Amino acid sequence: MHLGVDSFVSSVTDPTDGRVIAPEERMSHLLEEIALADQVGLYSFGIGEHHRSEYYDSAPSIILAAAAARTENIRLGSAVKVLSADDPVRVFQEFATLDLISKGRIDLVVGRGSFTESFPLFGLDLADYDSLFAEKLDLLLQIRDNVEVTWSGRHRPALNRQGIYPRPLQDPLPIWVGVGGTPESFARAGLLGLPLMIAIIGGEPRQFAPLVDLYRRAGAQAGHPPEQLKVGLHVFGFVAETTTAAADTIYPGWNEMFTKISRERGFARPSRQQFDATSGPNGAFFMGDPKTVADKILRVGKQLGGVDRLSLQMTNPRLSHSDLLRGIELLGTEVAPLVTGK
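Residues numbered from 1 in each chain as written. Predicted model: local features only at pLDDT ≥ 70, side-chain atom pairs only at ≥ 80, totals over all residues. Heavy atoms only, no water.

### Comments concerning the packing of helix α1 (residues 23–39) against helix α11 (residues 321–340)
So, step 1. Put simply, α1 and α11 touch, their axes get as near as 9 Å, and they point 15° apart. With respect to each other, α1 and α11 are oriented roughly parallel. Along this stretch, α1 crosses α11, giving a crossing that reads as right-handed. Together, His29, Glu32, Glu33, Leu36 and Ala37 of α1 and His321, Leu324, Leu325, Ile328 and Glu329 of α11 make up the contact between the two elements.
So, step 2. The residue makeup of the contact of α1 with α11, split by class, is 5 nonpolar, 2 polar and 3 charged. (Axes fitted to C-alpha atoms, helices over the stretch in contact; angles between N-to-C directions. Helix = DSSP H or I, 4+ residues; strand = E, 2+ residues; numbered from the N terminus. Parallel < 35°, antiparallel > 145°, perpendicular 65-115°, else oblique. Left-handed = near helix turned anticlockwise from the far one by under 90°. Contact = heavy atoms within 4.5 Å. Nonpolar A, V, L, I, M, F, W, Y, C, P; charged D, E, K, R; others polar.)

### Remarks on the environment of arginine 269
So, step 1. Turning to its location among the elements, arginine 269 is positioned in the loop between α8 (243–265) and α9 (272–278).
So, step 2. For the pair arginine 269 and threonine 259, spaced 10 residues apart in sequence, the C-alpha separation works out to 5.7 Å.
So, step 3. Beyond its immediate sequence surroundings of up to four residues, arginine 269 is in contact with Asn255 and Thr259.

### Focus on α11
So, step 1. Its 20 residues place the ends of α11 27 Å apart at the C-alpha level, agreeing with the 28 Å of an ideal helix rising 1.5 Å per residue.
So, step 2. Where α11 bends most, at leucine 331, the angle is about 35°.
So, step 3. Taken together, the buried positions of α11 are occupied by His321, Leu324, Gly327, Ile328, Leu330, Leu331, Gly332, Val335, Ala336 and Val339.
So, step 4. In this structure, the buried residues of α11 make contact with β1 (2–7), α1, β10 (231–239), α10 (290–303) and β12 (309–313).
So, step 5. Count one or two residues on from α11 and you reach glycine 341, which has phi positive near 75°. (Expected span 1.5 Å × (residues − 1). Bend = angle between axes of the 7 residues up to and from the residue. Buried < 20%, exposed > 50% of the residue type's maximum accessible area, 1.4 Å probe, protein only.)

### Quick word on unusual backbone geometry
Glycine aside, the phi torsion of most residues is negative, and most peptide linkages are trans.
So, step 1. Proline 166 follows tyrosine 165 through a cis peptide bond whose omega is 0°.
So, step 2. With a phi angle near 60°, lysine 103 is a residue other than glycine that sits in the positive phi range.
So, step 3. Position of lysine 103 among the secondary structure elements: in the loop between α3 (88–102) and β5 (106–111).
So, step 4. One non-glycine residue, arginine 161, adopts positive backbone phi at about 55°.
So, step 5. Within the secondary structure layout, arginine 161 lies in strand β7 (residues 159–163).
So, step 6. You can call arginine 161 exposed: its relative accessible area is 63%.

### Things to note about the environment of threonine 244
So, step 1. Examined against the element boundaries, threonine 244 turns out to sit in helix α8.
So, step 2. According to the relative accessible area criterion, threonine 244 is exposed, its value standing at 54%.
So, step 3. Between the C-alpha atom of threonine 244 and that of glycine 288, which follows or precedes it by 44 residues, the distance is 7.0 Å.

### Examining the pattern of salt bridges
So, step 1. Inspection of every chain in the model, using the stated rule, returns 23 salt bridges.
So, step 2. Between aspartate 130 and arginine 112 there is a salt bridge, with its nearest N and O atoms 2.5 Å apart. One end of the pair, aspartate 130, is in helix α5 (residues 129–145); the other, arginine 112, is in the loop between β5 and α4 (118–121), with 18 residues separating them in the sequence.
So, step 3. On the accessibility criterion, aspartate 130 (36% relative accessible area) is partly exposed.
So, step 4. In this structure, arginine 154 and aspartate 128 form a salt bridge, with 3.6 Å as the shortest nitrogen-oxygen distance. (Salt bridge = Lys/Arg side-chain N within 4 Å of Asp/Glu carboxyl O.)

### A few points about the packing of aromatic side chains
So, step 1. On inspection of all chains with the given rule, the structure shows 9 aromatic pairs.
So, step 2. Each ring, one from phenylalanine 119 and one from tyrosine 129, has its centre 5.7 Å from the other, and the planes form 35°; the classification is tilted. A residue pair is termed long-range when its members are at least 10 positions apart, and phenylalanine 119 in helix α4 and tyrosine 129 in helix α5 qualify at 10 residues.
So, step 3. By relative accessible area, which is 1% here, phenylalanine 119 ends up buried.
So, step 4. Geometrically, the ring pair formed by phenylalanine 275 and phenylalanine 285 is tilted, given 5.9 Å between the ring centres and 50° between the ring planes. Here phenylalanine 275 is found in helix α9, whereas its partner phenylalanine 285 is found in the loop between α9 and β11 (286–288), with 10 residues between them in sequence. Assigned by exposure class, phenylalanine 275 and phenylalanine 285 land together as buried.
So, step 5. Three or more aromatic residues joined by ring pairs form one cluster here, namely Phe236, Tyr251, Trp254, Phe258, Phe275 and Phe285.
So, step 6. The side chain of arginine 265 reaches across the aromatic face of phenylalanine 115, ending 5.0 Å from its centre.
So, step 7. Geometry around tyrosine 251 places arginine 272 over its ring, the cationic atom sitting 4.8 Å from the centre. (Phe/Tyr/Trp six-rings, centres within 6.5 Å; stacked < 30°, edge-to-face > 60°. Lys NZ or Arg CZ within 6 Å of the ring centre and 35° of its normal.)

Right under this line is the structure:
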């Protein structure tokens, strides 16, 4: 199993002095974090996409280009690219260019996104939420597999034997499908033979086992070999010297984030009790000292019938840069060896 980090590049208030980190400084910190992940041997680093005031990741391909120029070995990717709100031609061109800059270290993870701000921002109808993604994924895959494309659909002007350039170094460019908990999404990824990235943000990870099985069965029925049907996990968590320190470091920012989201969506206000339960052995958060986190990663991997990749999402508006650097260091130097046996 490969381990990595995902970031939503949230704005940060330094917990030590209450200072709001300026956007340009936050970007500088982010590139330091990615460089450290590369240095400590982590497999991947992903950048999300949001169009909200509390995040700085509305243009992930630009961030990834800067990271590609500063790293040597780590794979870089989207976490996830909101394909529904973008043009598949431009998405392919941007990530093919990134693949050339990085010398073949790019993964394109596409999804529909868990926030909806991009729909009105780009003049899209939320009622087309699923059809936009299905149609644009179809076009993206045709572009990946063919230099010249002839295609027509409902949401974008047709293409008639038009060439799409540049072509990436990797052939084919890895395209993953990011999913939540919808069975149709798991089945679609399996039928297409695309690797799967599951965002687990609540509940118990083992509850996803039937959906992972559905994905693998759909892929097998469509004739795709088992080794093509890769499974990755995008999970929330943090690594510190002790489990108590990890939880206490992350909780203030988690409470801030989820209080705001809960207010927007009409949910009950989150509590420390809820946070601690979700951080426990069977919960969705991968929180603790290196051994606790490694044990949980291995346990969940077995529960889901094998996992190829796990990315820890450590975005937090109250997490200091130094604490995040230490968390990345521990993930690479202490957690990863326990998981991989190397």
